[in-house]
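# Structural overview for review
The chain contents come next:
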Amino acid sequence: MKKLLSEFTVGESGRIVAVTGEGRVRRRLFDMGVTPGATLIMRKKAPLGDPVEITIRGYELTLRKSEAACAEVEVL
Amino acid sequence: MKTFALAGNPNCGKTTLFNALTGSTAHVGNWPGVTVDKREGVYRGGEKPVKIVDLPGIYSLSPYTPEEVVSRNFILDGQPDGIINIVDATNLERNLYLTTQLLETDVPVVIALNMMDEVDKAGDRIDAQALEAALGVPVVPVSALKGKGIKQLMDRAAALPETRKGVTVLQDEFRSEIAAARAYYEKEGVSSPLFHAVKLLENDEIERERKGAKEAVAQLNADLEAEIADRRYGYISSNLASVKVSAKRQTLTKSDKIDRVLTHRIWSIPIFIVVLFAVFHLTFSENLFFLNGFTEGQGWMPTLEELGYGDGFGARLLACFYDGAVFSPGVMLTNLLNLVLDYIGGGVSALIGVCGGAAWVDSLVCDAILGGIFAVLGFLPQILFLFLGFSVMEDTGYMARIAFVLDRIFRRFGLSGRAFMPMIMGFGCSLPAMINTRTLSDENERTATIRVIPFFSCGAKLPILTAMAGGILAVFGVGNVDLITLSMYLAGIVIAVCAVLLMRNTTMRGEAPPFIMELPAYRLPAFKNVLLHLWDKAKHFVKKAFTIIFASTVIIWVLQSFSWRWEFLLQDAQQLFEADPVKWQSLAEIEGLVNVQTDKSILGSLGAFVQPLFTPLGFGAQLGKSFGWVFAVAAITGLVAKENVIATLGALAAVVAGAYIDWEADEVATAVAMIEGTGITIPAILAFIVFNMTTIPCFAACATAKAELPKGKFRWTLLFWVVTSYLSAAAIYTLGSWWWTLFIWLAVVGAAVALIALRNTGKFDILKIFKKRSKK
């Protein structure tokens, strides 16, 4: 099953299928290791529900929901 | 001398390694054109001294942040003899991503594998030799924190060959594409052709703008960006398998456990408020342990006077630490410094007396110059203490969590969660707050934040609030001092929020900057780093105090002390007292010169000249010609330091009420004298407070803003401060005086909002219409 990273609930994990988004945001996502093929776990959400925190490539990354919506992820 | 560049991710121990390498030789400057720290130093541990340039922490060599651009330019065009690439061994995968890009340049590279001790502690093993074999460049395990492996690292760096041929991990997959792009750069005669070629394939903005570059790869599948990034990581993880042996992980690391509490859904914000309170309390409180109860004026601890201490050195020294309550460390240091400065001032004054200097020389040197510089220097301990608190929060990784927790709120205003810290620091002092905006990645966000920082009323503005609020209560018998003070603070915040919203919708339009950020593992801060950091700040601050403050205090002193006919207006306090003890009884205890005829001074007549301008704010023409200018003059002297506003009013009381008032002894009496003497109304007093809070801040803050803002923005920032303060004060005065003006203000604000909204949706652009008309 595929869905956007922004739709993940806490504790779910998945593998990235595709990354979309405008140039600057997309580049930044790639540089931080959010690339097709990478696996991740949704760790937590900020007290107000946004941004979210994921574990990817062995470290903790935080990004906003709008940015997480750029990643299409296959649920594992 | 050979030059090595130090490159690596943020939070990988780069600063610690830099400090360990260069020690006290380091000095901090700016990279040209951007407000990114440039640190340089010399390593003297080897045969020959080596220059080390610390590049900013980066994750990649993409051209999207100033940090990345600066690093890229230095590596490619700065002609370093080598790159020391520091890699956090606890997070090899992401750290090596940058390494794969560095290896594509023709610059020799040596890798410093940092935090190996933490890897060992976790039970993992990393084979440095296998990594060296895989990457083809020297790899040296080091511990920057403990200073281990540094000699070996620098020995291998010194032994690096003069040049290196760039290699890429992408060779297998994209051989033909890279060859095509590379051929173009080689024909152009560019150095590091491989690096440029790969960047071009990655759709890099800088490379695509190069003439003929797009055409060179036009026939290729242009968008390889995702594939290349994936391939880099793929290469790293397949190589890691042979290099890193992981022990079985516990389910929760220490960092996770701390995080569970500090970013808890409910508790995170209360915990943060407590931490913030603690930092401010340790810095500014004069009642550290609440021994005197929680509010002022209910103390049961004896003051030194009650304990029978005299006025000797011992008593003064003791009073730095305790006087009716135990002070906070920040206040203790401030008191100690001021005690020393006081003795220096006294010494200089005595010296002038011995040398037979005139009284005006004493006044100029001691009261104006030293007084001005000391007033600013006196803040240094508290500023540094505030810095210390925030550096520790930054270095432990807590600051990143605060940004995480608060981002949602700040995004509404077009800022990121990171902007919160500088703003809250503004309540202490604008200077460290403005410097702290360097943690913001987006230039617009930084500019907007610097502009509104002064609205977060700083410590020096507090006397204006309390004195005026006390004056209102004493003269009109209405209100509550704490309530008025608090609501004025809130007014400042509201104005700041409105101003940010306005800027982000007009002059600084654009998306909120991306918030894709690492949450680093919690670490204990390296105290050597923190102290070196503080030392840098202190140096900057002292330099500023001695240049801009020096100049501005002299100018204001001259304007205040001389009339247009160049008569010297200051008079000896004791002589005045002896001539008329009834009128000047307040001068009985004051030594030296006082100014009881500011009305005759240049500044006084300037004040009278600009007075009508303040009519819409309530302290202009309606106060009459005789005393109406005093508030304008007070606001002008406030530019040197905001304490001067009330101090000047105290001196002006000599003109208005016929009694000189030492504001430090009784600030409320100062306000009362001015209110009764001038007949100013309550709305006008409130307008005066708000005007002083939001107008141009003190000169020291202006100098900092100029240094921290992008080029050319400072002039507009000054204008912004003047306009904001004028409009806010005018709104408060008119609304307070005539309630029906509410409808006028609402209509104006509504029209402005509507016009901006229409413009931003592109439906109706009034500016364009004007431009078209003027063209016709």
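Scoring rules and cut-offs
- Residues numbered from 1 in each chain as written.
- Chains lettered and ligands numbered in written order.
- Predicted model: local features only at pLDDT ≥ 70, side-chain atom pairs only at ≥ 80, totals over all residues.
- Heavy atoms only, no water.
- Helix = DSSP H or I, 4+ residues; strand = E, 2+ residues; numbered from the N terminus.
- Rg over C-alpha atoms; globule rule 2.2 N^0.38 Å.
- Buried < 20%, exposed > 50% of the residue type's maximum accessible area, 1.4 Å probe, protein only.
- Contact = heavy atoms within 4.5 Å.
- Buried area = accessible area lost by both parts, 1.4 Å probe.
- Salt bridge = Lys/Arg side-chain N within 4 Å of Asp/Glu carboxyl O.
- Polar contact = N/O pair within 3.5 Å; in protein donor to acceptor, adjacent residues only side chain to side chain.
- Nonpolar A, V, L, I, M, F, W, Y, C, P; charged D, E, K, R; others polar.
- Core = buried A, V, L, I, M, F, W, Y, C linked by side-chain atoms within 4.5 Å.
- Patch = residues over 30% accessible without salt bridge, like charges linked within 9 Å, V, L, I, M, F, W, Y side chains within 5 Å.
- Areas by Shrake-Rupley, 256 points an atom, 1.4 Å probe, with all protein chains shown as cover.
- Pairing = 2+ DSSP bridges.
- Axes fitted to C-alpha atoms, helices over the stretch in contact; angles between N-to-C directions.
- Parallel < 35°, antiparallel > 145°, perpendicular 65-115°, else oblique.
- Left-handed = near helix turned anticlockwise from the far one by under 90°.
- pLDDT = per-residue confidence, 0-100.
- Right-handed = clockwise from strand over helix to strand, strands pointing away.
- Phe/Tyr/Trp six-rings, centres within 6.5 Å; stacked < 30°, edge-to-face > 60°.

### Some details on the overall build of chain A
In terms of helices and strands, chain A carries 2 helices and 6 strands. For chain A, the sequential pattern of α-helices and β-strands runs β-β-α-β-β-β-α-β. Relative to a compact globule of 76 residues, whose C-alpha radius of gyration would be 11 Å, chain A shows 11 Å and is just as compact. A burial count over chain A gives 59% of its 76 residues as buried.

### Brief notes about the interface of chain A and chain B
At the interface, 32 residues of chain A touch 39 residues of chain B. Taken as a group, Arg27, Arg57 and Arg64 of chain A account for 22% of the area that chain A buries against chain B, more than any other trio of residues on that side. Applying the counting rule to chain A against chain B returns 9 salt bridges. The salt bridge partner of aspartate 50 of chain A is arginine 411 of chain B, with a shortest N-O separation of 2.4 Å. The interface formed by chain A and chain B contains 20 residue pairs in polar contact (both at pLDDT 80 or more). Breaking the side of chain A that touches chain B down by element, the ones donating at least two residues are α1 (23-31), β3 (39-45), β4 (52-56) and β5 (59-63) of chain A. When the residues that make up the side of chain A that touches chain B are grouped by side-chain class, the tally is 13 nonpolar, 5 polar and 14 charged.

### Quick notes on the nonpolar core
One finds Phe390, Met421 and Phe631 of chain B to be the most contacted residues of the largest nonpolar core, which totals 113 residues. The element that contributes the greatest number of residues to this core is helix α18 (residues 398-411) of chain B, accounting for 9 residues. Judged by nonpolar contacts, the second largest core, of 83 residues, contains Ile56 of chain A together with Leu61, Leu131 and Leu135 of chain B.

### Topic: a nonpolar patch on the surface
Nonpolar side chains collect at one region of the surface, where Leu735, Trp738, Trp739, Trp740, Leu742, Phe743, Ile744, Leu746 and Val748 of chain B lie side by side and expose about 970 Å² of accessible area between them. The element best represented in the nonpolar patch is helix α33 (residues 741-761) of chain B, accounting for 5 residues.

### Regarding the sheet that holds β5 of chain A
With antiparallel pairing, the 7 strands of this open sheet are ordered in space as β1(A)-β6(A)-β2(A)-β3(A)-β4(A)-β5(A)-β10(B). The open sheet is flanked by β1 (2-4) of chain A together with β10 (517-518) of chain B, the only strands paired with a single partner. Relative to β5 of chain A, β4 of chain A runs antiparallel, the two being bridged by 5 bridges. Bridging across to β5 of chain A, glutamate 53 of chain A finds its partner in threonine 62 of chain A.

### Thoughts on the sheet that holds strand β5 (residues 82-88) of chain B
All names here are of chain B. Across the sheet, which stays open at both edges, the 7 strands sit in the order β2-β3-β4-β1-β5-β6-β8 with mixed pairing between neighbours. Among the strands making up the open sheet, the edge pair consists of β2 (27-30) and β8 (139-141). When strand polarity is set aside, the average angle formed by the axes of neighbouring strands in this sheet is 25 degrees. Where β5 meets strand β6 (residues 109-114), 6 bridges bridge the pair, whose relative direction is parallel. Residue pairing across strands places valine 87 opposite leucine 113, the latter belonging to β6. Where helix α1 (residues 14-22) meets the sheet, it contacts β1 (2-8), β3 (37-43), β4 (50-54), β5 and β6, and its direction lies at approximately 35 degrees from that of β3.

### Things to note about the packing of helix α15 (residues 329-354) of chain B against helix α16 (residues 359-377) of chain B
Residues and elements named next belong to chain B. Orientation of α15 relative to α16, taken along the N-to-C sense of each, is 165 degrees, at an axis distance of 10 Å. Between α15 and α16, the crossing angle belongs to the class labelled roughly antiparallel. Crossing geometry of α15 relative to α16 is assigned as right-handed. Note on element contacts: α16 touches α15 through Val361, Asp362, Val365, Cys366, Leu370, Phe374 and Leu377, opposite Leu337, Asn338, Leu341, Ile344, Gly345, Val348, Ser349 and Ile352. Partitioned by chemical class, the residues of the contact of α15 with α16 number 11 nonpolar, 3 polar and 1 charged.

### Quick look at the environment of glutamine 152 of chain B
Residue and element names in this part refer to chain B. Its location among the elements puts glutamine 152 in helix α6 (residues 150-158). Judged by its relative accessible area of 47%, glutamine 152 is partly exposed. Residues glutamine 152 and threonine 678 lie 526 residues apart in sequence; the distance between their C-alpha atoms is 75 Å.

### Digging into the confidence of the model for chain A
Put simply, chain A has an average pLDDT of 90, and 100% of its residues get 70 or more. No element of chain A has a lower mean pLDDT than α1 of chain A, which averages 87, and none a higher one than strand β6 (residues 71-75) of chain A, which averages 93.

### Section: the environment of alanine 653 of chain B
Looking at where alanine 653 of chain B falls in the secondary structure, it is placed in helix α28 (residues 644-656). C-alpha of alanine 653 of chain B to C-alpha of leucine 483 of chain B: the two residues are 170 residues apart in sequence and 26 Å apart in space.

### Quick word on the pairing of β6 of chain B
Residues and elements named next belong to chain B. Across the 6 residues that make up β6, a large majority, 6, are buried. Here β6 shows no split at all, with Val109, Ile111 and Leu113 on one side and Val110, Ala112 and Asn114 on the other all buried. With helix α3 (residues 92-102) bridging β5 and its parallel neighbour β6, the resulting β-α-β unit is right-handed. Here β6 pairs with β8 via 3 bridges, running parallel. Directly across from isoleucine 111, in β8, lies its bridge partner valine 139.

### Quick word on unusual backbone geometry
Looking along the chain, the bond that leaves aspartate 50 of chain A and enters proline 51 of chain A is cis, with omega of 0 degrees. The phi angle at arginine 57 of chain A is positive, at roughly 50 degrees, despite the residue not being glycine. Looking at the element boundaries, arginine 57 of chain A is found in the loop between β4 and β5. Positive phi is not limited to glycine here, since asparagine 11 of chain B has a value of about 60 degrees.

### With respect to the packing of aromatic side chains
Working definition: an aromatic ring pair is given by the centre-to-centre distance plus the angle between the planes. All names here are of chain B. One pass over the structure, following the stated rule, counts 20 aromatic pairs over all chains. Ring centres of phenylalanine 614 and phenylalanine 619 lie 5.3 Å apart, and the angle between their planes is 20 degrees; this geometry places the pair in the stacked category. The exposure class of phenylalanine 614 is buried, given its relative accessible area of 11%. Geometrically, the ring pair formed by tryptophan 739 and phenylalanine 743 is edge-to-face, given 6.1 Å between the ring centres and 75 degrees between the ring planes. By way of ring pairs, the aromatic residues Phe614, Phe619, Phe631, Phe688 and Phe691 are connected into one cluster.

### Digging into the confidence of the model for chain B
Averaged over all residues, the pLDDT of chain B is 84; the fraction at 70 or higher stands at 94%. Both confidence scores are given for the complex: pTM 0.82, ipTM 0.94.

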